[in-house]
Amino acid sequence: MDRTVFYARGGGQPGDTGSLAWGAGQCRVADTFKSEGEIVHAVDPADLPPEVGATVTASLDWRRRHRLMRTHTALHALSGIVFTEYGAKVTGGNMDDDGSARMDFELEQLTSELGQQLQEMLNVRLSEDVEVRVGFLPRAVALADPDLIRTKVSLIPENVDPIRVIDITGIDKQADGGTHVRSTAEVGTVLVVKTESKGKGFRRIRIQLSEP
Ligand SMILES: [Zn+2]
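Summarised in this report is the structure supplied together with it. Remember, predicted model here, so these are calculated numbers, not experimental data.

### A short note on the packing of aromatic side chains
Aromatic ring pairs: the centre-centre distance and the angle between the two ring planes describe each pair.
Here is step 1: Under the definition given, this model contains zero aromatic pairs.
Here is step 2: The ring of Phe83 is capped by Arg150, whose NZ or CZ atom sits 4.0 Å from the centre of that ring.

Okay, here's the thing in structure tokens:
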């Protein structure tokens, strides 16, 4: 397609699902991903795709996508809080479309009590209805930003300029290509369901939206 509202898998966020409609036709989109720089809409094998050149209306499975946006914003807020409280950096993360997600930190200690404290802090900050701003910074400016340095902006391929930045005002700021809600209040309440040790200095936190 020459343009699309569908998000292609990336940065731990699953690809969008939904449908395409044209004339008398319609098909399901079961997944969206990038291949050789192109966004691929994977049409359900039971359906026929539109003909090349057709004008289509693309519709997202909005409930699912909104849940992923809420989950993604929750993960960013969590990573900001863990950094502020413990100085711990994120080493990885992933989210599912059921409102569950995990995030990995460079952290020596993470008891279930700390997990509960993080849950409380996270929900207090989320309930403050903090604005989530999407911006674009020239690469040179982004590379000099302390928050963005911390979140490894230098690893973004050199041809990416400007760099898209998600700023949850005062909580977390990082370069990111994913989709987010406009305010933290939209996330709702988040549960820290598990804290795990995955090895020395490697701790994993699992979260779940309480209203997926
Ligand atoms: Zn992200």
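### Concerning the pairing of strand S10 (residues 190–197)
Here is step 1: As defined by bridge partners, S10 adjoins strand S11 (residues 203–209) across seven bridges and the pair is classed as antiparallel. Note that in S11 the partner of Lys194 across the bridge is Arg206.
Here is step 2: Taken together, S10 and the strand that follows it, S11, pair antiparallel across an intervening segment of five residues, in which Gly199 is found at a positive phi of about 135°.

### Some points on the coordination of the zinc ion
Ideal donor angles around a metal are set by the shape: a four-donor tetrahedron calls for 109.5 degrees, a six-donor octahedron for 90 or 180 degrees.
Here is step 1: Protein coordination at the zinc ion comes from His72 (NE2), His76 (NE2) and Asp176 (OD), with a distance range of 2.0 to 2.1 Å.
Here is step 2: Motif for the zinc ion, donor spacing along one chain: H-x3-H-x99-D. A residue pair is termed long-range when its members are at least 10 positions apart, and His76 in helix H1 (residues 62–86) and Asp176 in the loop between strand S9 (172–175) and S10 qualify at 100 residues. Grouping residues by exposure puts His76 and Asp176 together as buried.

### What to know about unusual backbone geometry
Here is step 1: Cis geometry marks the peptide bond from Asp161 to Pro162, where omega comes out at 5°.
Here is step 2: Within the fold, Pro162 resides in the loop between helix H4 (146–150) and strand S8 (163–168).
Here is step 3: Located in the positive-phi region is Glu36, a residue other than glycine, with phi close to 50°.
Here is step 4: As for its placement among the helices and strands, Glu36 is situated in the loop between strand S2 (25–35) and strand S3 (38–43).
Here is step 5: Accessibility expressed as a relative area gives 82% for Glu36, which makes it exposed.

### A look at the sheet that holds S8
Here is step 1: Spatially, three strands are ordered S7-S8-S9 in an open sheet, and the strand pairing comes out antiparallel. Each edge of the sheet is formed by a strand with only one pairing partner; in this case those strands are strand S7 (132–137) and S9. The sheet shows a mean angle of 20° between the axes of neighbouring strands, direction not considered.
Here is step 2: In this sheet, S9 lies alongside S8 in antiparallel orientation, the contact comprising four bridges. Directly across from Ile166, in S9, lies its bridge partner Gln174.

### Remarks on the pattern of salt bridges
Here is step 1: For the coordinates displayed, the defined rule picks out 13 salt bridges.
Here is step 2: Asp61 is the salt-bridge partner of Arg28, the closest N and O atoms lying 3.1 Å from each other. Of this pair, Arg28 sits in strand S2 while Asp61 sits in the loop between strand S4 (57–60) and H1; the two residues are 33 residues apart in sequence, bridging distant segments of the chain.
Here is step 3: Of the charged contacts in the structure, one is a salt bridge between Asp172 and Arg150, with a shortest N-O distance of 3.9 Å. Note that Asp172 is positioned in strand S9 and Arg150 in helix H4, a separation of 22 residues in sequence. For the pair formed by Asp172 and Arg150, the shared burial category is buried.
Here is step 4: Connected through shared salt-bridge partners, Arg102, Asp104 and Arg204 make up one network.

Calculation rules
- Residues numbered from 1 in each chain as written.
- Predicted model: local features only at pLDDT ≥ 70, side-chain atom pairs only at ≥ 80, totals over all residues.
- Heavy atoms only, no water.
- Phe/Tyr/Trp six-rings, centres within 6.5 Å; stacked < 30°, edge-to-face > 60°.
- Lys NZ or Arg CZ within 6 Å of the ring centre and 35° of its normal.
- Pairing = 2+ DSSP bridges.
- Helix = DSSP H or I, 4+ residues; strand = E, 2+ residues; numbered from the N terminus.
- Donors = N, O, S within 2.8 Å, 3.2 Å for Na, K, Ca; no water.
- Buried < 20%, exposed > 50% of the residue type's maximum accessible area, 1.4 Å probe, protein only.
- Axes fitted to C-alpha atoms, helices over the stretch in contact; angles between N-to-C directions.
- Salt bridge = Lys/Arg side-chain N within 4 Å of Asp/Glu carboxyl O.

That is the geometry; function is a separate question.
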